[in-house]
Amino acid sequence: MERDIKLVIFGFDGTLADTKENIIITFQMTMKELGVEIKSRQECAATIGLTLEDAFKVLYPGMAAEKYILLRDTYRRIFKENRKILVPGLFPEVMETLEELRRRGYLMSIASSRLSPSLHSFLEDMKIAHLFEYAVGGDNVEHPKPAPDAVLQILRHYNLSAEEAFVVGDMPFDINMATNAGVKSCGVTWGNADAAQLKESGANYVIDKMSQLLEILN
């Protein structure tokens with residue numbers, strides 16, 4: 001049990017919010033509109049957690065820089081349009097677990113690769129914004145996941161040490177970010193990576209449902 005933890009840092013997409021379908025559909029619509037090879041659902045999902053430009057660099061290595069920018073900007077436009085139709089929700093047990101962690105006195109923050117305006121909009125729509133006094137988006141740091149920047153920025157904000165924080169995420173990028181910041185981590189299997197991938201990336205814990213986090217942080 002992690003009894004010295006004061007701060008829990010969550011990923012957003014795939015950890016708290018079930019946005020996978022929105023993301024994959026938007027990726028493939030972007031590819032179709034721009035006439036590039038349409039990647040599989042699995043290939044698209046494997047990039048969730050990266051910034052959009054980094055995701056497209058993984059999907060289409062060797063393109064000119066301006067092409068990645070066009071892909072990114074087209075994705076953002078289509079995602080905004082799709083969001084009116086495809087409304088994502090929280091994963092099971094997320095709301096109850098967050099509320100219980102707050103009741104126990106834990107500080108909670110978010111480290112996401114999503115742009116902060118989009119992130120904060122989702123938090124408001126999902127009625128969990130009040131649980132996170134501080135949230136870091138991909139545009140708030142110089143180096144995105146798996147670099148430690150987001151975690152280190154959150155630690156500075158709360159004036160806490162790495163030993164007092166705990167990262168919860170669904171992708172190896174989240175686990176690597178935590179490791180690079182010297183913070184323990186927990187992988188979740190309901191997002192975009194499986195238990196084997198999370199363990200291989202170095203997660204200290206792996207859970208199959210959100211309520212199990214309460215046992216770790218007991």
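Scroll up a little and you will see the structure.
Computed from a predicted model, the values in this text were never measured in an experiment.

**Points about the pairing of strand β4 (residues 165-169)**
Okay, so step 1: With respect to burial, β4 is a largely interior element, five of its five residues being buried.
Okay, so step 2: Burial of the side chains of β4 extends over both faces: Ala165, Val167 and Gly169 are buried on one face and Phe166 and Val168 on the other.
Okay, so step 3: In terms of strand pairing, strand β1 (residues 7-10) meets β4 through four bridges, oriented parallel. In the strand pairing of β4, phenylalanine 10 is matched with valine 168.
Okay, so step 4: Sheet topology note: the β4/strand β5 (residues 184-188) ladder contains four bridges and is parallel. The partner of phenylalanine 166 across the bridge, within β5, is lysine 184.

**Focus on the nonpolar core**
Okay, so step 1: Counting residues in each nonpolar core, the largest one holds 56 residues, and the members touching the most others are Phe10, Leu16, Phe27 and Phe132.
Okay, so step 2: Here phenylalanine 27 is in contact with Cys44, Thr47, Leu52, Ala55, Phe56, Leu59 and Tyr75, once residues within four sequence places are set aside.
Okay, so step 3: Counting residues in hydrophobic clusters, the runner-up holds 19 residues, among them Ala111, Tyr134, Ala150 and Leu160.

**Some remarks on the pattern of salt bridges**
Okay, so step 1: Under the defined criterion, the tally for this structure stands at 12 salt bridges.
Okay, so step 2: Across the pair glutamate 33 and arginine 77 runs a salt bridge whose closest N-O atoms are separated by 2.3 Å. One end of the pair, glutamate 33, is in helix α1 (residues 20-34); the other, arginine 77, is in helix α4 (residues 65-82), with 44 residues separating them in the sequence.
Okay, so step 3: For glutamate 33, a relative accessible area of 45% corresponds to the partly exposed category.
Okay, so step 4: Residue arginine 77 is classed as partly exposed on the basis of its relative accessible area, which comes to 36%.
Okay, so step 5: The salt bridge involving glutamate 100 is made with arginine 104; its shortest N-O contact spans 3.0 Å.
Okay, so step 6: Classification of glutamate 100 as buried rests on a relative accessible area of 18%.
Okay, so step 7: Shared partners join several salt bridges into a network, and the residues in it are Glu33, Arg77 and Glu81.

**Digging into unusual backbone geometry**
Okay, so step 1: With omega at 10°, the peptide bond leading from lysine 145 into proline 146 counts as cis.
Okay, so step 2: With respect to the secondary-structure elements, proline 146 resides in the loop between β3 (134-136) and α7 (149-158).
Okay, so step 3: Within the chain, lysine 127 stands out as a residue other than glycine whose phi angle is a positive 60°.
Okay, so step 4: On the secondary structure map, lysine 127 appears in the loop between α6 (116-125) and β3.

**Structural notes on the environment of threonine 74**
Okay, so step 1: If you trace the backbone, threonine 74 turns up in helix α4.
Okay, so step 2: With a relative accessible area of 6%, threonine 74 lands in the buried category.
Okay, so step 3: Linking threonine 74 and methionine 31, residues 43 residues apart in sequence, is a C-alpha distance of 9.1 Å.
Okay, so step 4: The residues touching threonine 74, leaving out its near neighbours within four places in the chain, are Thr30, Glu33 and Leu34.
Okay, so step 5: At a separation of 2.7 Å, a polar atom in the side chain of threonine 74 contacts the main-chain carbonyl oxygen of leucine 70.

**Some details on the packing of aromatic side chains**
Okay, so step 1: Taken as a whole and assessed by the stated rule, the structure comprises 10 aromatic pairs.
Okay, so step 2: Geometrically, the ring pair formed by phenylalanine 10 and phenylalanine 132 is edge-to-face, given 6.3 Å between the ring centres and 85° between the ring planes. Of the two residues, phenylalanine 10 sits in strand β1 while phenylalanine 132 sits in the loop between α6 and β3, which places them 122 residues apart along the sequence. Comparing phenylalanine 10 with phenylalanine 132 shows no difference in burial state: the two are buried.
Okay, so step 3: A ring pair is formed by tyrosine 134 and tyrosine 158, whose centres lie 6.4 Å apart and whose planes are at 90°; its orientation type is edge-to-face. You can see tyrosine 134 sitting in strand β3 and its partner tyrosine 158 sitting in helix α7, a full 24 residues away along the chain.
Okay, so step 4: Of the aromatic side chains, those joined through ring pairs into one cluster are Phe12, Phe27, Phe56, Tyr75, Phe79 and Phe122.

Rules used throughout
- Residues numbered from 1 in each chain as written.
- Predicted model: local features only at pLDDT ≥ 70, side-chain atom pairs only at ≥ 80, totals over all residues.
- Heavy atoms only, no water.
- Buried < 20%, exposed > 50% of the residue type's maximum accessible area, 1.4 Å probe, protein only.
- Helix = DSSP H or I, 4+ residues; strand = E, 2+ residues; numbered from the N terminus.
- Pairing = 2+ DSSP bridges.
- Core = buried A, V, L, I, M, F, W, Y, C linked by side-chain atoms within 4.5 Å.
- Contact = heavy atoms within 4.5 Å.
- Salt bridge = Lys/Arg side-chain N within 4 Å of Asp/Glu carboxyl O.
- Polar contact = N/O pair within 3.5 Å; in protein donor to acceptor, adjacent residues only side chain to side chain.
- Phe/Tyr/Trp six-rings, centres within 6.5 Å; stacked < 30°, edge-to-face > 60°.

Just geometry here; none of it tells us what the structure is for.
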